[in-house]
Structures are given as C-alpha cells and as structure tokens.
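Structural description and commentary
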Amino acid sequence: QVQLVESGGGLVQAGGSLRLSCAASGRTFSTYAMGWFRQAPGKEREFVAVIRWSGGSIYYGDSVSGRFTISRDNAKNTVYLQMNSLKPEDTAVYYCATRERPGLGTWDIARLYDYWGQGTQVTVSS
C-alpha cells in the first residue's frame, strides 16, 4: 500500500501562484511514476502532469503546459506541482496519484493509477 497526502491548496486570485505538495509513504519502492489530476464540479477527472520516479521524464496536460511545473524530491518521497498564471478555470480539487507500471502514451488515463490522495481544493477567483 502507498499512502499519499496532498497539501498546499487554497484560494488565490487569477494570475497568482500556488505550490502543491504530495508526500508518499508506505510501499513507495514500487512507484514508477507520480502524477496530478484535477476534477472540477460536474466534470471528469482531468490529467494535469506526471513525472517518472526514475529518470524524471515529465508530461503535461495541454491545458496547463507552460504554466505548471511538476518536480520531485526522491529523498523525501514527495512530488510538487508549481502552478503559475492561474486562471479561474483551474479551480478544482487536485489529486495526487501513483502508478507502479509503465505505459508510454497512457499517462492521462486515471484508471491506470494505483493509489490516490484525498485531494486538495484550489480555487482561483477572477
């Protein structure tokens, strides 16, 4: 089992920045990649970003590319999501997730992730 705890969400004005953190514990040695998804009310869960734990390959969703940056600290088993130039449409609950299997081209498929955090709310006011 892997436990994930997100933090760093909150209320910010449009154009502002926030940094989310996700700390992993438990059977982290089997983690292949860690990612972020988000879900706004009435919408499907949307892929935001993912980073491979070894090698550090990174992929972003189209809606956040160029504004968000994902990074990791292997020693702390923590992944970060730096969010800049935030827009009201970025408002959502942000979830951290891990997967134990590779899969080029499938990073945006939520059902392929094995463990999920409880989510942290991000609200961007206009």
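Parameters at a glance
- Starting afresh in each chain, residues are numbered from 1 along the sequence in its written order.
- In keeping with the model being predicted, local features are shown solely for residues with a pLDDT of at least 70 and side-chain atom pairs are shown and tallied solely at 80 or more, while totals for entire chains, interfaces and linings include all residues.
- Excluded from the side-chain calculation are hydrogens and water; included are all heavy atoms of the structure.
- The set of buried Ala, Val, Leu, Ile, Met, Phe, Trp, Tyr and Cys residues whose side-chain atoms join them within 4.5 Å is what this entry labels a nonpolar core.
- Accessibility here uses a 1.4 Å probe with only protein chains present; expressed as a share of the type maximum, an area under 20% marks a residue as buried, one over 50% as exposed, and anything in between as partly exposed.
- In DSSP terms, a helix is any run of H or I states spanning at least four residues, a strand is any run of E spanning at least two, and both are numbered starting from the N terminus.
- Contacts are residue-level and defined by heavy atoms, with any inter-residue pair within 4.5 Å sufficient.
- Counted as positive: Lys and Arg. Counted as negative: Asp and Glu. His and the chain ends are not counted at all.
- In the sections that follow, a salt bridge refers to a side-chain nitrogen of Lys or Arg positioned within 4 Å of a carboxyl oxygen of Asp or Glu.
- Identification of polar contacts relies on pairs of N or O atoms within 3.5 Å, with a donor-acceptor requirement for protein atoms, meaning one able to donate a hydrogen and the other able to accept it, and with residues adjacent in sequence counted only if both atoms are side-chain atoms.
- A pair of cysteine sulfur atoms is labelled a disulfide when the two atoms are within 2.5 Å.

1. Considerations on the nonpolar core
It is characteristic of soluble globular proteins that their nonpolar side chains tend to be buried jointly. Core analysis: the biggest nonpolar cluster contains 27 residues, and Trp36, Val79, Leu81, Met83 and Tyr94 have the highest contact counts within it. Going through the elements one at a time, strand 1 (2–7), strand 3 (18–26), strand 4 (33–39), strand 5 (46–52), strand 7 (68–73), strand 8 (78–83), strand 9 (92–99) and strand 11 (120–125) are the ones with two or more residues in this core. Considering each element in turn, this core owes the most residues, four residues, to strand 3. Other than its neighbours up to four places away in sequence, valine 79 contacts Leu20, Ser21, Cys22, Met34, Trp36, Ile51, Trp53, Ile70, Ser71, Arg72 and Cys96. By size, the runner-up hydrophobic cluster in this structure holds seven residues, among which are Phe37, Val50, Ala97 and Trp107.

2. Considerations on the side chain of glutamate 6
Of note, glutamate 6 is situated in strand 1. As a buried residue without a salt bridge, glutamate 6 has its nearest oppositely charged side chain in arginine 45, at a separation of 7.9 Å. A polar atom in the side chain of glutamate 6 sits 2.7 Å from the backbone nitrogen of cysteine 96. Polar side-chain contacts of glutamate 6 include one of 3.0 Å to the backbone nitrogen of glutamine 118. The residues contacting glutamate 6, other than those within four sequence positions of it, are Ser21, Cys22, Trp36, Tyr94, Tyr95, Cys96, Gly117, Gln118, Gly119 and Thr120.

3. A word on the state of the cysteines
Here the structure, examined in full by the defined rule, presents one disulfide. A sulfur-sulfur distance of 2.1 Å marks the disulfide that ties cysteine 22 to cysteine 96. Taking the torsion about the sulfur-sulfur bond, which here is approximately -80°, the covalent link between cysteine 22 and cysteine 96 counts as left-handed. On the criterion of sequence distance, the pair formed by cysteine 22 in strand 3 and cysteine 96 in strand 9 is long-range, its members being 74 residues apart. Its relative accessible area of 0% is what places cysteine 22 among the buried residues.

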